[in-house]
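Observations on the model geometry
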Amino acid sequence: MSAETPAATGQFNRRRLQFRAWRGTRPFWAGLFVMIGGVPIMYFPYANLQIGHLTLAMSTTAGAGSLIIGVLLIVLGFTLWFQKHIQIFAGVAAILLALVSIPVSNFGGFVVGFLFALIGGAMAVSWAPGAPPEPEATKDHEGAGGAPSGAIPEADQGTVGEPNDLSGTSPANGANGRHSAG
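Description of the structure in this document. Residue positions within a chain follow its written sequence, with the count starting from 1. With the structure being a predicted model, the display of local features is reserved for residues of pLDDT at least 70 and the display and counting of side-chain atom pairs for 80 or more, all residues being used for whole-chain, interface and lining totals. The side-chain figures draw on all heavy atoms in the structure; neither hydrogens nor water molecules are used.

Brief notes about the overall build of the chain
Only DSSP runs of H or I reaching four residues or more are called helices, and only runs of E reaching two or more are called strands; each is numbered from the N terminus. Scanning the chain from terminus to terminus reveals 6 helices and 2 strands. What you see in the chain, going N to C, is helices and strands ordered as α-α-β-β-α-α-α-α. Contacts between residues were defined by any pair of non-hydrogen atoms, one from each residue, lying within 4.5 Å. A fraction of 65% describes how many contacts in the chain between residues 6 or more apart in sequence connect residues 24 or more apart. All accessible areas in this document rest on Shrake-Rupley with a 1.4 Å probe, and a residue is counted as covered only by the protein chains that are shown. Just so you have it, the chain exposes about 12,800 Å², and 66% of that area is on carbon and sulfur atoms.

Structure, rendered in structure tokens:
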């Protein structure tokens, strides 16, 4: 199979469209931001910076706390991707962990991790699934006299003489507009 095989182009295009459809049904960017925010929060307390012959250790006494916060943020990011129905919980938890990372983890990963986690958590809380597109009406189906099919009310499909009120509050039913409590 060569690089110029036309089947490879179709396969890539199909996978790209599948990923796009999957990404559109969940808070993808919120999860990505939360995961990106967890990396610097988790990394900086264990990093050693080399400046010439000078080694600057940025480790703090709360290194384990920073590691836990970073790992939890990464797990929450994956949770947002694969368990989309708990995006409110995961978003609030990401915001709280980002706020806790300020005093615990070198100002929240030198503010970079804090901002990414905070923005990702806010995006997760505010995410709502989109409505599926409604099928468009075809022009072939027209009602009486050339009017669109939905413009003319259709006749009742029920039996003749039966009341159309299903709530039981019609004056014809004897309820006189009042609801029965029992």
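Observations regarding the environment of Ile41
Note on placement: Ile41 falls in helix α2 (residues 28–43). Exposure categories follow from relative accessible area, calculated using a 1.4 Å probe and restricted to protein chains: below 20% of the type maximum is buried, above 50% is exposed, and the middle band is partly exposed. Exposure remark for Ile41: the relative accessible area of 0% places this residue in the buried category. The contact partners of Ile41, leaving out residues within four places of it in the chain, are Ser66, Ile69, Gly70, Leu73, Ser101, Ser105, Gly108, Gly109, Gly113 and Phe114.

Points about the packing of aromatic side chains
The pairing test for Phe, Tyr and Trp rings, Trp by its six-membered ring, is centres within 6.5 Å, and the orientation test on the planes gives stacked under 30 degrees, edge-to-face over 60, and tilted for anything in between. Scanning the entire structure with this criterion turns up 13 aromatic pairs. Centre to centre, the rings of Phe78 and Phe82 are 6.5 Å apart; their planes meet at 10°, and the pair counts as stacked. Of this pair, Phe78 and Phe82 are both found in helix α3 (residues 63–82), 4 residues apart, which corresponds to roughly one turn of the helix. Look at Trp81 and Phe82: their rings are 6.4 Å apart centre to centre, the planes differ by 80°, and that puts the pair in the edge-to-face class. By relative accessible area, which is 13% here, Trp81 ends up buried. Three or more aromatic residues link up through ring pairs in this structure, and these residues are Phe19, Trp22, Phe28, Trp29, Phe78, Trp81 and Phe82.

Looking at α3
End to end, α3 covers 29 Å across 20 residues, agreeing with the expected 28 Å (1.5 Å per residue, within 8%). Residues Gly63, Ser66, Ile69, Gly70, Leu73, Leu76, Gly77, Thr79, Leu80 and Trp81 constitute the buried set of α3. Helix span is expected to be 1.5 Å times the residue number reduced by one.

Looking at the packing of α3 against helix α4 (residues 87–104)
Two packed helices can be described by the angle between their axes and the distance between those axes. For helices, the axis comes from a line fit to the C-alpha atoms of the stretch in contact; other axes are also lines fit to C-alpha atoms, and the angle between any two N-to-C directions lies between 0 and 180 degrees. The contact between α3 and α4 brings their axes to 10 Å, and the two run at 160°. By the angle between their axes, α3 is roughly antiparallel relative to α4. Considering the relative orientation of α3 and α4, their crossing is left-handed. Taking contact as the criterion, the partners of Gly65, Ser66, Ile69, Leu72, Leu73, Leu76 and Leu80 in α3 are, on α4, Gln87, Ala90, Ala93, Ala94, Leu97, Val100, Ser101 and Val104. Roughly parallel refers to an angle under 35 degrees, roughly antiparallel to one over 145, roughly perpendicular to one between 65 and 115, and oblique to any angle outside these ranges. Here a crossing is called left-handed whenever its near helix is offset anticlockwise from the far helix by less than a right angle, and right-handed whenever the offset is clockwise.

Brief notes about the pairing of strand β2 (residues 54–57)
Here, strands pair whenever DSSP counts at least two bridges between them. Pairing analysis gives 4 bridges linking strand β1 (residues 48–51) to β2, with the strands arranged antiparallel. Bridging across to β2, Ile51 finds its partner in Leu54.

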